[in-house]
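Next come the chains, spelled out residue by residue.
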Amino acid sequence: MPEDAFYIRRMWSFSRALDLGLVDEEVERGFKFAVGQQHGERVAYIAMRLGRSLGLQKTELVHLTVAGLLHDIGAMGSFRTHYGNAQLLSRHCLVGSAIVERFPSGAILAPAIKYHHETPGSVRSALGVPAAEVPLMAKILSLADQVDLHLSRRRHTRKEREELLRWISKEKGVLFFPEPAAAFEQIAVKESFWLDIEQPDLLQIVLGLLFGKWHVPLTRELETTGFTDELAATFADLIDQKSSFTARHSRSVAEVVERLAEGLGWSEQQRHEIYVAGLLHDLGKLSIPKKILDKQGSLDASEVDIIRTHTYYTHRLLTEAGFPTRMVEWAAHHHERLDGKGYPFALKDKEIDVGSRLMTIADMFAALTEDRPYRPAMSTTEALDIIQRGAGTSVDGELIVLAKRVLFCR
């Protein structure tokens, strides 16, 4: 089973998380174009098809696919700072390239992402590199990105396809580099290309095109390469940056839950796994509109319902990314309750394992001891007293005793 296949599967899931975070009216206001659903996935698919047409080797196609999935990662991390700025497009390219430099094959991915908004219409690009020196992968991403932004999220008519092709032909050498533009004209004659891009399971289509009949398992043990750690830390920061209320909530939860696990005598590997789960426990919160996350008054019933969906999306995204079941549950079950009144699965009592119970306490403790616009941070004593009130119903009473011992000792 190729390692590259699992790498793509994991990155595909995190691309979906980015998509959830960027399809938000409060985020899109800073962009020239609206970011459509499945944007990263569709750009990855289009780019991969262009790369195949251009004769790229399999390893290059894997890098190109991942670059397509992550091409807008800098937008999620920088929109608050550069909100509404006309230079946002070039800025998010720079931020994104700096992020992916830390990932596997970062030296290849970074230039592709850095220059994916460059065009051949001027002698020198907006980022200061001669247009002739823009790498091929960036040229491909540039076209794939623009094509998807101009495609509807419904079945494309023949008229729409023809209009798109005329536009690309007209802009060849101005907005689009000649090589990928010519490749697009080749793949556009295939009906399968247009039907593929409309499918919800693009991941399976891409894996099939790249790896044939290879079976790619849904789960795998946590790697020791550091890649997952880096990915989790990156997305923890992106999650917390979406709301002005949560400067470093995900990291705080991870640190607290690791201390609680240490207090229970968990092994170093187990503590590491629950730390990563803590970093990602709110991954699904990227799906929540910013105006709800930043609302300073009370949420109405419909807004509460929307907020409650975030744990469901955390569960889906981490499962799709291939994390072990125990880690998915530790991350996604932090709003379940012993009395069965939690969400999203309404688990109760023995259905909630120890790691998930620890995560619940860590999440509550971190939230209560953080400054929020509507109240100052509480002391450790105040926070634990509030958590204690839920002993036996929302939280595990014995683990609260542990928390009092562990969290007061440093």
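What this report covers is the structure whose coordinates are included nearby. (Residues numbered from 1 in each chain as written. Predicted model: local features only at pLDDT ≥ 70, side-chain atom pairs only at ≥ 80, totals over all residues. Heavy atoms only, no water.)

Here the focus is the environment of Glu 320. Examined against the element boundaries, Glu 320 turns out to sit in helix α18 (residues 310-320). On the basis of relative accessible area, Glu 320 is assigned to the buried category, the value being 18%. Taking the C-alpha atoms as reference, Glu 320 lies 9.8 Å from Arg 16; in sequence the two are 304 residues apart. Apart from residues no more than four positions distant in its own chain, Glu 320 is found in contact with Arg 9, Ser 13 and Arg 16. (Helix = DSSP H or I, 4+ residues; strand = E, 2+ residues; numbered from the N terminus. Buried < 20%, exposed > 50% of the residue type's maximum accessible area, 1.4 Å probe, protein only. Contact = heavy atoms within 4.5 Å.)

What follows concerns the packing of helix α13 (residues 227-242) against helix α15 (residues 268-279). Interhelical geometry of α13 versus α15 gives an angle of 30° and a closest axis separation of 8 Å. Of the possible angle classes, the one that applies to α13 and α15 is roughly parallel. Residues Thr 228, Asp 229, Ala 232, Ala 233, Ala 236 and Ile 239 of α13 lie in contact with α15, whose contacting residues are His 272, Val 276 and Leu 279. In the contact of α13 with α15, the residues fall into six nonpolar, two polar and one charged. (Axes fitted to C-alpha atoms, helices over the stretch in contact; angles between N-to-C directions. Parallel < 35°, antiparallel > 145°, perpendicular 65-115°, else oblique. Nonpolar A, V, L, I, M, F, W, Y, C, P; charged D, E, K, R; others polar.)

You can see Lys 139 is positioned in helix α8 (residues 136-149). Look at Lys 139 and you get buried, because its relative accessible area is 11%. Look past the residues within four positions of Lys 139 in its chain and what remains in contact with it is Ala 131, Val 134, Phe 177, Glu 179 and Pro 180.

This next bit is on the nonpolar core. Ranked by size, the top nonpolar core spans 106 residues in total, and within it Phe 184 and Phe 235 carry the most contacts. Of all the elements, helix α1 (residues 3-22) adds the most residues to this core, at nine residues. Apart from residues no more than four positions distant in its own chain, Phe 184 is found in contact with Leu 50, Leu 143, Val 147, Leu 164, Leu 165, Ile 168, Phe 193 and Trp 194. If you look at the next biggest cluster of nonpolar residues, it comprises five residues, including Tyr 115, Val 129, Ala 138 and Phe 177. (Core = buried A, V, L, I, M, F, W, Y, C linked by side-chain atoms within 4.5 Å.)

Evaluated as defined, the whole model comprises nine aromatic pairs. Measuring from centroid to centroid gives 6.3 Å for Phe 14 and Phe 323, while their planes differ by 65°, and the two rings are edge-to-face. Taken together, the positions of Phe 14 in helix α1 and Phe 323 in the loop between α18 and α19 (325-332) put the pair 309 residues apart, joining distant regions of the chain. By relative accessible area, Phe 14 is classed as buried at 0%. (Phe/Tyr/Trp six-rings, centres within 6.5 Å; stacked < 30°, edge-to-face > 60°.)

One can find Val 401 in helix α22 (residues 397-407). Taking C-alpha positions, Val 401 is 9.5 Å from Leu 384, a pair spaced 17 residues apart along the chain.

Tracing the backbone through its elements, the reader meets Glu 118 in the loop between α7 (106-114) and α8. Judged by its relative accessible area of 4%, Glu 118 is buried. For the pair Glu 118 and Ala 131, spaced 13 residues apart in the sequence, the C-alpha separation amounts to 7.6 Å.

A word on the packing of helix α4 (residues 58-70) against α8. Running from N to C, α4 and α8 cross one another at 45°; their axes reach a closest spacing of 10 Å. The orientation of α4 with respect to α8, classified from their angle, is oblique. When the axes of α4 and α8 are compared, the crossing they make is right-handed. Between α4 and α8, the contacting residues are Glu 60, His 63, Leu 64, Ala 67 and Gly 68 on the first element and Met 137, Ile 140 and Leu 141 on the second. Looking at the contact of α4 with α8 residue by residue, the class counts come to five nonpolar, two polar and one charged. (Left-handed = near helix turned anticlockwise from the far one by under 90°.)

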